[in-house]
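What follows is each chain in one-letter form.
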Amino acid sequence: MDTYRCHGHSMSDPGVTYRDRDEVSGVRRARDPVEALKQIMLANNLSTPEELKGIETKIRKEIDAAMDQAKKAPVPPTEELWRDVYFKQDPGLFIRGTVWDQSYNLAKAY
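Bear in mind the structure is a predicted one, so any value in this text is a computation, not a measurement.

Definitions and cut-offs
- Residues numbered from 1 in each chain as written.
- Predicted model: local features only at pLDDT ≥ 70, side-chain atom pairs only at ≥ 80, totals over all residues.
- Heavy atoms only, no water.
- Salt bridge = Lys/Arg side-chain N within 4 Å of Asp/Glu carboxyl O.
- Helix = DSSP H or I, 4+ residues; strand = E, 2+ residues; numbered from the N terminus.
- Buried < 20%, exposed > 50% of the residue type's maximum accessible area, 1.4 Å probe, protein only.
- Lys, Arg positive; Asp, Glu negative; His and termini not counted.
- Polar contact = N/O pair within 3.5 Å; in protein donor to acceptor, adjacent residues only side chain to side chain.
- Contact = heavy atoms within 4.5 Å.

Caption draft 1: Representation of the pattern of salt bridges within the structure. Under the criterion given, the structure shown has 4 salt bridges. For Glu 35, the salt bridge identified is with Lys 38, shortest N-O distance 3.4 Å. Highlighted residues: Glu 35 and Lys 38, both in helix H2 (residues 33-43), separated by 3 residues, approximately one helical turn. For Glu 35, a relative accessible area of 29% corresponds to the partly exposed category. In the salt-bridge network here, residues are joined through shared partners; they are Glu 35, Lys 38 and Glu 56.

As structure tokens, then:
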């Protein structure tokens, strides 16, 4: 199995300077796992195009509602950045910032 990165490495790397858009879109069309599953489901009469379109519409509405909720929510306090970062995280975890007053002691934060 191999993978293909459809986007650049970072904001400064759009990913199209060393490969053309046709290559990226071709790989995306040929190897999109969601599209592949849809085609398998249709080919084996496991779903109809209308059912799949209905599922996509429902999911898009759920995503849009979640995005609206997130945009309207207040910005969480900075300490929340460090909550649940590690599995079985030590409640006394100390995270040193680039300057001392930007360090966090989770025991004090909660």
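Caption draft 2: Region of interest: the side chain of Arg 19. For Arg 19, the position within the fold is in the segment before helix H1 (21-31). Among buried Asp, Glu, Lys and Arg side chains, Arg 19 stands out as unpaired, with Glu 23 the closest opposite charge at 5.1 Å. A polar contact is formed between the side chain of Arg 19 and the side chain of Tyr 4, at a distance of 3.2 Å. Reaching out from Arg 19, the side chain makes a polar contact with the backbone oxygen of Arg 5 at a distance of 2.7 Å. Filtering out sequence-adjacent residues up to four positions away, Arg 19 remains in contact with Tyr 4, Arg 5, Cys 6, His 7, Gly 8 and Val 24.

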